[in-house]
Amino acid sequence: MPNSNRDRAHSTTGTAGPDSSGEPLKHQTDIARAAALIADPSRARILKCLADGRALPANALAGEAAIGAATASAHLAKLVEGALLTVEQRGRHRFYRLAGPDVSAALECLAVIAPPLAVTSLKQSNRAHALHRGRSCYDHLAGRLGVALMRGLLERGILTGHDGIHRPGEAVRDRPASYGRDAQYRLTSAGHRALAGLGIDTDRLPPRRPAIRYCVDWSEHQHHLAGGLGAVLTARLFALDWVRWGRSPRVVHLTDRGADGLERMLGAVLTHETNPAESATAPPGPRTGPSPEGPR
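Scope of this entry: the structure provided in the associated data block.

The rules behind each value
- Residues numbered from 1 in each chain as written.
- Predicted model: local features only at pLDDT ≥ 70, side-chain atom pairs only at ≥ 80, totals over all residues.
- Heavy atoms only, no water.
- Phe/Tyr/Trp six-rings, centres within 6.5 Å; stacked < 30°, edge-to-face > 60°.
- Helix = DSSP H or I, 4+ residues; strand = E, 2+ residues; numbered from the N terminus.
- Buried < 20%, exposed > 50% of the residue type's maximum accessible area, 1.4 Å probe, protein only.
- Lys NZ or Arg CZ within 6 Å of the ring centre and 35° of its normal.
- Polar contact = N/O pair within 3.5 Å; in protein donor to acceptor, adjacent residues only side chain to side chain.
- Contact = heavy atoms within 4.5 Å.
- 1 Å grid on protein atoms, 1.4 Å probe; cavity = no way out; pocket = protein on both sides within 12 Å on 5 of 7 lines; lining within 4 Å.
- Points joined across faces, edges and corners; volume = space filled by probe spheres on them.
- Axes fitted to C-alpha atoms, helices over the stretch in contact; angles between N-to-C directions.
- Parallel < 35°, antiparallel > 145°, perpendicular 65-115°, else oblique.
- Nonpolar A, V, L, I, M, F, W, Y, C, P; charged D, E, K, R; others polar.

## Points about the packing of aromatic side chains
What describes a pair of aromatic rings is the distance from one ring centre to the other and the angle between the planes of the rings. Taken as a whole and judged by the stated rule, the model has two aromatic pairs. Centroid distance Tyr185 to Tyr214: 5.3 Å. Interplanar angle 80°. Geometry classified as edge-to-face. With Tyr185 in the loop between strand E7 (178-179) and strand E8 (186-187) and Tyr214 in strand E9 (residues 213-216), this pair connects stretches of sequence that are 29 residues apart. According to the relative accessible area criterion, Tyr185 is buried, its value standing at 8%. Residue Tyr214 is classed as buried on the basis of its relative accessible area of 2%. Cation over ring: Arg213 sits above Tyr179, and NZ or CZ is 3.8 Å from the ring centre.

Put into structure tokens, the structure is as follows:
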């Protein structure tokens, strides 16, 4: 007998597409409910702030959204109830993070169809340039930095299977700001050795998620590395102080040590000059990178 409550809840929605593993979903999805949670401007700012995969306390999220503590608490409760966020208690504080990489991927997809925010200050312009230059895409690197890393991995023969270029006219399932599905990248024998030299054990990548995936970068329209390998590699680059967090959410800076190390070890070259105003805001020391844990 059909579930009448479920039928009513999904009566205006279509059948879901593939899940994060690439398998078609066997049920319908309540798009309206998820969209309503994201639609509030304050909640959207909170979600964007958490899109790099890190966990942040409620007071920091309230500051980023420019709202009071009580208002932020109400918004956060709705996002947790709607399964877009998870929360954990650390001493006296609650820390919130995205429920998984699929939430970040959904935000990236919405960015493709969303109208641009008006740039009304030099600070906003600098941040936009910084996000294009280097940013996190949940727990892996994106922007020109992520694309340069992918290009280096391919040119060094660490990865094989495609040239990393997104060609819309030839794409079957690939779309900007989403997981790619048309190409099949593989780690080569030389790749295992090269990554071992960087301190990465490719036989011990995070479980319960594809080892190698790619995203079609929304700003560069090329591929950047995702999946378990992308997460572990990014975490290692943070640990080596080759990349650092910027002050703005999701912004990632390449350090001088990192520029030398990435070119020498992985063949990655970021040719564009750093935006001087944004780089001046970067903190002087390393910060903890995004966690490589979590299912894909």
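From this point on, the discussion continues.
## Let's talk about the side chain of Asp217
Note on placement: Asp217 falls in the loop between E9 and strand E10 (223-226). Given a relative accessible area of 0%, Asp217 falls into the buried group. Within the structure, the side chain of Asp217 is placed 3.0 Å from the side chain of Arg135, a separation counted as a polar contact. Setting aside residues up to four positions removed in sequence, Asp217 forms contacts with Arg135, Ala142, Gly143, Val147, Ala177, Gln222 and His224.

## Quick look at empty space enclosed by the protein
Counted according to the given criterion, the structure contains two cavities of 30 Å³ or more. Along the wall of the largest cavity there are 16 residues; nearest its centre are Ala105, Glu108, Cys137, His140 and Cys215. Broken down by element, the lining of the largest cavity gets its largest block of residues, four residues, from helix H6 (residues 101-113).

## As for the packing of helix H7 (residues 122-133) against helix H8 (residues 143-155)
Close contact between H7 and H8 brings their axes to 3 Å; oriented N to C, the two are set at 15°. Overall, the two elements H7 and H8 adopt an arrangement that is roughly parallel. Touching Leu131, His132 and Arg133 of H7 are Gly143, Arg144 and Leu145, all from H8. When its residues are assigned to classes, the contact of H7 with H8 shows two nonpolar, two polar and two charged.

## Observations regarding the layout of surface pockets
Roughly 1600 Å³ of volume is contained in the largest pocket. Lining of the largest pocket is provided by 34 residues; of these, Lys48, Pro116, Leu117, Arg127 and Leu131 occupy positions nearest its centre. Looking at side-chain class alone, the lining of the largest pocket contains 19 nonpolar, five polar and ten charged residues.

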